[in-house]
Amino acid sequence: MSERSKEERVHHVFEKIYTKYDSMNSIISFQRHKSWRKDVMKKMKVREGASALDVCCGTGDWAISLAEAVGENGKVVGLDFSQNMLSVAKEKKERSSLDQLELVHGNAMELPFADNSFDYVTIGFGLRNVPDYMTVLKEMYRVVRPGGLVVCLETSQPTLIGYRQLYYFYFRFIMPAIGRLMAKSYKEYAWLNESARNFPDKDTLKRMFYNAGFSTVHVKSYTGGVAAMHMGIK
Ligand SMILES: C[S@@+](CC[C@H](N)C(=O)[O-])C[C@H]1O[C@@H](n2cnc3c(N)ncnc32)[C@H](O)[C@@H]1O
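For clarity, every value in this text was computed on a predicted model and none was experimentally measured.

So, about the UniProt feature "binding site: S-adenosyl-L-methionine" (unreviewed entry) in the protein. Sites flagged by UniProt as "binding site: S-adenosyl-L-methionine" (unreviewed entry) map to Thr59, Asp80, Asn107 and Ala108. Considering only the annotated residues already named, the ones lining the largest pocket are Thr59, Asp80, Asn107 and Ala108. Among the secondary structure elements, Asp80 is positioned in strand S2 (residues 75-80). Among residues more than four places away in sequence, those in contact with Asp80 are Cys56, Cys57, Gly58, Met85, Leu86, Val104, His105 and Gly106. Within the local environment of Asp80, its side chain forms a polar contact with the backbone nitrogen of Cys57, the two atoms lying 3.4 Å apart. By secondary structure assignment, the location of Ala108 is in the loop between strand S3 (101-105) and strand S4 (118-124). Setting aside its immediate chain neighbours within four residues, Ala108 contacts Val55, Cys56, Leu79, Val130, Val136 and Glu139.

Attention shifts here to the site of the ligand. The ligand sits among 18 residues. The nearest are Tyr21, Arg37, Cys56, Asp80 and Gly124. Contact between the ligand and Ala108: a nitrogen atom at 2.9 Å from a main-chain N or O atom of the residue. Within the backbone of Gly124, one N or O atom sits 2.8 Å away from a nitrogen atom of the ligand. Computed on the free molecule, the ligand has an accessible area of 600 Å², of which 98% lies beneath the protein chains in the complex. Its atoms largely coinciding with the cavity grid, the ligand occupies the largest pocket.

About the criteria used
- Residues numbered from 1 in each chain as written.
- Predicted model: local features only at pLDDT ≥ 70, side-chain atom pairs only at ≥ 80, totals over all residues.
- Heavy atoms only, no water.
- UniProt positions renumbered as here; feature names shortened; annotations may be inferred.
- 1 Å grid on protein atoms, 1.4 Å probe; cavity = no way out; pocket = protein on both sides within 12 Å on 5 of 7 lines; lining within 4 Å.
- Helix = DSSP H or I, 4+ residues; strand = E, 2+ residues; numbered from the N terminus.
- Contact = heavy atoms within 4.5 Å.
- Polar contact = N/O pair within 3.5 Å; in protein donor to acceptor, adjacent residues only side chain to side chain.
- Near = heavy atom within 4 Å.
- Areas by Shrake-Rupley, 256 points an atom, 1.4 Å probe, with all protein chains shown as cover.
- Sits in = over half its atoms within 2 Å of the grid points.

Put into structure tokens, the structure is as follows:
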């Protein structure tokens, strides 16, 4: 698939599933995504008053956690290219009256920010959706300040024999079926299977972080390697 057609397909998926995204996420990950995010935030030790960018922010949960952590003297930007996903994030922002959070329509492949602008740059379940992983990693590296952190939480490839096969079976057959049943979106949830299957394993992604320029990269796997966190220091 060309970069352009992947981008169009992904854009269509999220413009379509935005009303069901949050509830489907909890169903298909058995609520695990909440504890993964919580653990990653603990590891990041976000400072009050700091600045952060959440790339591919979607319906805004990670951007909101970051905004709460930096407090009213800090600043957080959430960026996404789906106006519909952003509309859900905007409703949540209004409900929680977080003035330090700004939501921006933009493309992860060309971040509309100057070099060295943020203390933290995050991407949650976004990297596997972009047309070129390296371009986005390099963009995140460019906009984080020296000494700052770039953190990616993403699906990964479990290695344990048996568990791995079970995971692929679940992603290939069960998850799209749940998508059809709950969200009336079989094709869109089949895309999640495809994008997760094609995504690099945690060691390959770690090498990609180094290739993007990071001097240190920490990796942590979750739930038997179903998901992984990569944390790069610039
Ligand atoms: C699986 S959702 C993740 C949303 C959120 N980060 C979370 O953890 O729940 C992926 C998001 O990435 C966005 N996205 C995909 N490709 C993008 C791109 N090239 N630029 C900006 N956003 C993109 C989609 O619109 C979607 O909201």
